[in-house]
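Remarks on the overall topology
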Amino acid sequence: MSTPKPRPNLPFSKLIPIVVGAILGLFLRLVLFSGEPGSSRSAMASGFIWVSPFVMGAVTVFLAERQQRRSISYYLFAPMATTALMVLGSLLILVEGLICAILIVPVFSIMGAIGGLCMGLLCRLVGQPRNTTLHSLLALPLLVVLLGGDGPGPERLGTVERSLLIQASPAQVWGLINNIADIRSEEVGHTWAAWIGVPQPLAAATVMQGTQHVRQVRWDKGVHFDEVVQQWDPERHLRWVFRFAPDSVPAGALDDHVRIGGAYFDLNDAAYTLTPEGQAVRLHLRISYRVSTDFNFYANWLAQTLIGDFADTMLHLYQHRAEGTDLAQVTP
């Protein structure tokens, strides 16, 4: 087993492996993984999500080991820097939106670190790897694309449920559910979803369309959609399905990969249930959704977190409006 001899360092030479790895990742995203949603060349396909950061991490360590022997911590953390730089680059050249970029960083970091660690251990076992190792790594994403099938990822259905006791009458809360306007940013803006750029609610009003109750909802960034009521029991229960028009989500309001009703994510239905408890009422919110990706275990966790965050915010909003309490006491 041979150990690479240290080479004279050029200015910024320690950054070269990281920069080259990030450039490789951007190249893969722009050239190989720019296909239509659901295809093996999509940016949401397993080839890009799992294989690309692994290759970026491995290439980073391969190049670094050509300079000198690196530590185990380098094998783990340098690839993380590589994937973070790649994600930042994709934002700067407007390939990805902020929401997707933030949500994918943990997966990229872990897979990059695994790739770097595997390459580092290989270097310690066999010495400096040959160029054929690098060629094999570069061919791996292409091989995954060629062997991968097209079509949506496996479907997973989920439900989020939240409840909150509100010191008000069912009639008061029911009225707010069906007509709430002028929602201020301080009432809903203290959420993770708001922090990463997800549009926030502005107003909702129930109207009659023929014989059908329809809640018309407006969010910021120009987002608007209908909630078509399926069950209507005044002051007790309200269930609806979502209806989106072609112009419901303007361009740039949501990243394509998390667009509601898209190939990867959708909202199915939701319901409010009001249960009197003494002089108060318990407001229960249930929201069901679908995720269809090659990494549903992570996508489902994200959906649970973001939708749960939104549900808590809406319940506290109704509590604030119904009770007239201080925002600081009820805002999560």
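In case you missed it, the structure is sitting above this.
Conventions used here
Residues numbered from 1 in each chain as written. Predicted model: local features only at pLDDT ≥ 70, side-chain atom pairs only at ≥ 80, totals over all residues. Heavy atoms only, no water. Helix = DSSP H or I, 4+ residues; strand = E, 2+ residues; numbered from the N terminus. Buried < 20%, exposed > 50% of the residue type's maximum accessible area, 1.4 Å probe, protein only. Contact = heavy atoms within 4.5 Å. Areas by Shrake-Rupley, 256 points an atom, 1.4 Å probe, with all protein chains shown as cover. Salt bridge = Lys/Arg side-chain N within 4 Å of Asp/Glu carboxyl O. Pairing = 2+ DSSP bridges. Axes fitted to C-alpha atoms, helices over the stretch in contact; angles between N-to-C directions. Phe/Tyr/Trp six-rings, centres within 6.5 Å; stacked < 30°, edge-to-face > 60°.

**Side note on the overall build of the protein**
Per the secondary structure count, the protein includes 10 helices and eight strands. If you line up the protein on its principal axes, its C-alpha atoms span 80 × 40 × 30 Å. Counting over 332 residues, the protein shows a buried share of 49%. Taking all contacts inside the protein whose residues are at least 6 apart in sequence as the whole, residues at least 24 apart take part in 69%. Carbon and sulfur atoms form 61% of the exposed surface of the protein, whose accessible area is close to 15900 Å².

**With respect to the side chain of Asp-226**
Here Asp-226 lies in strand 5 (residues 224–233). A relative accessible area of 17% places Asp-226 in the buried class. Residues within four places of Asp-226 in sequence aside, it is in contact with Gln-209, Val-214, Arg-215, Gln-216, Val-241, Phe-242 and Arg-243.

**Side note on the pattern of salt bridges**
Any two side chains of opposite charge can pair, on the condition that their charged atoms come close. Counted by the stated rule, this structure contains 10 salt bridges. One network of salt bridges, in which partners are shared, links Arg-184, Glu-186, Glu-187 and Arg-321.

**Description of the sheet that holds strand 4 (residues 212–219)**
Here we have eight strands laid out as an open sheet, ordered 1-8-7-6-5-4-3-2, and antiparallel in their pairing. Of all strands in the sheet, those bounded by a partner on one side alone are strand 1 (155–166) and strand 2 (179–180). Pairing of strand 5 with strand 6 (residues 237–243) involves seven bridges; the strand directions are antiparallel. The partner of Val-229 across the bridge, within strand 6, is Trp-240. Each of strand 1, strand 2, strand 3 (201–209), strand 4, strand 7 (265–277) and strand 8 (280–292) touches helix 9 (residues 296–323); the most contacted strand, strand 1, lies at about 25 degrees to it.

**Section: the packing of aromatic side chains**
According to the stated counting rule, one finds 14 aromatic pairs in the structure shown. Plain terms: the ring middles of Trp-50 and Phe-295 are 6.4 Å apart, the flat faces sit at 90 degrees to each other, and that makes the pair edge-to-face. Separated by 245 residues along the polypeptide, Trp-50 in helix 2 (residues 46–67) and Phe-295 in the loop between strand 8 and helix 9 bring together distant segments of the chain. Of the residues examined, Phe-295 reaches a relative accessible area of 4% and is grouped as buried. Centre to centre, the rings of Tyr-272 and Tyr-318 are 5.7 Å apart; their planes meet at 85 degrees, and the pair counts as edge-to-face. Placement of Tyr-272 in strand 7 and of Tyr-318 in helix 9 is noted, with a sequence separation of 46 residues between them.

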